[in-house]
Amino acid sequence: MASRKKTALSLARSLAASRKTVNEEGEVGIVAIIELNGIDKTYQGNAQEVRALREITLKLEAGDFVAVVGPSGCGKTTLMNVLGCLDQPTGGSYKLNGQETSGLSDDELAEIRNKQIGFVFQSFNLLPRTTALENVMLPYLYSDGSVNTERAEQLLRRVGLGDRLKSWPNQLSGGQQQRVAIARALANNPALVLADEPTGQLDTQASGEILSLLKELNREGTTIVIVTHDLDVAAHARRVITLKDGAILSDEVQQGLQGGESA
Ligand SMILES: Nc1ncnc2c1ncn2[C@@H]1O[C@H](COP(=O)(O)OP(=O)(O)O)[C@@H](O)[C@H]1O
Ligand SMILES: [Mg+2]
């Protein structure tokens, strides 16, 4: 009995490590961090409505590195806003870590955003005239108020900015500002990082550095979803989802790249 228990425990552990689960019938499945079912998003414009997302059904597994690509206007940012609980879909179901998000109050969604999701934007979105360190500590102001200066410093060291804690955004290069934004995204140790065109305003070298950083986080287990128009960036993702007119045009796993160990 004891040994059976032990076997079950070690099986559960190795499955967790490989992001798989076994249900009561013994079927092996993947742990979904994101589960979208028939997601629609329609914007009410003045003249006409815009159907920005159409029937998106998608499962993303924990620990994956996923790129979302497609032409301008195809719905990438809308999808990220839904995934990030920044915007509610007009139809369908979105489960994050198994929790249905539709019907949650604004406060509940804000708490999910704060605890479970880190955001990185194309334009960095740092507060001006606010130091790098203070920017990284901002998420603490929106959570329970316990400000963890030590962790914020540690995160800035980790993104290579240990010597720029007191710098203002306008004293930093684009690449450095984006590294501050990544440190800020990690403040509350989220399971999921959503990055919308994070290299869109950066030169090739800075883009490469940001990409390496995201890949490193992914190797440590953070699920990364990155929107990009840069196919060189997308080439590093394990899975590439292409949108067209608000719908999924293709969804491909790239050969030779494993989630968490992408080259
Ligand atoms: N707030 C909004 N109100 C009305 N239409 C919007 C709004 N946001 C986006 N759209 C429209 O939805 C479609 C998808 O936009 P978006 O998600 O920003 O695309 P992408 O990020 O791929 O460029 C576009 O047609 C865009 O004009
Ligand atoms: Mg966009």
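To keep things clear, this report deals only with the structure shown in the data block. (Residues numbered from 1 in each chain as written. Chains lettered and ligands numbered in written order. Predicted model: local features only at pLDDT ≥ 70, side-chain atom pairs only at ≥ 80, totals over all residues.)

What to know about the site of ligand 1
Lining the immediate surroundings of ligand 1 are Tyr43, Gly45, Val50, Ala52, Gly70, Ser72, Gly73, Cys74, Gly75, Lys76, Thr77 and Thr78. Elements that contribute at least two residues to the shell around ligand 1 include exactly strand 4 (49–61) and helix 2 (76–83). Top contributing element to the shell around ligand 1 by residue count: helix 2, with three residues. Considered class by class, the residues forming the shell around ligand 1 number four nonpolar, seven polar and one charged. (Near = placed C-beta within 6 Å. Helix = DSSP H or I, 4+ residues; strand = E, 2+ residues; numbered from the N terminus. Nonpolar A, V, L, I, M, F, W, Y, C, P; charged D, E, K, R; others polar.)

Here's the deal with the environment of Thr199
You can see Thr199 is positioned in the loop between strand 9 (192–196) and helix 7 (204–219). Here Thr199 falls in the buried class, since 26 other C-beta atoms lie within 10 Å of it. Here the alpha-carbon distance between Thr199 and Gln122, two residues 77 residues apart in the chain, equals 6.5 Å. Discounting chain neighbours no more than four positions away, the residues touching Thr199 are Ser207, Ile210, Leu211, Thr228, Asp230 and Val233. (Buried ≥ 20, exposed ≤ 12 C-beta atoms within 10 Å, placed from the backbone. Contact = placed C-beta atoms within 7 Å.)

Examining helix 5 (residues 149–158)
Restricting attention to buried positions, one finds in helix 5 the residues Ala152, Leu155 and Leu156. Projected down its long axis, helix 5 shows its buried positions confined to an angular sector of 100°, all on one face. Of the surrounding secondary structure, the elements contacted by the buried residues of helix 5 are helix 4 (132–142) and helix 6 (174–185). In the stretch just after helix 5, Gly160 is the one whose phi turns positive, near 85°. (Arc of directions from axis to C-beta.)

Comments concerning the environment of Val120
Inspection of the secondary structure puts Val120 in strand 8 (residues 117–121). Accessibility expressed as a C-beta count within 10 Å gives 25 for Val120, which makes it buried. Non-local contacts of Val120, meaning those with residues more than four positions away in its chain, are made with Ala181, Ile182, Ala185, Val193, Ala195 and Pro198.

Limitation: the analysis is restricted to geometry and does not speak to function.
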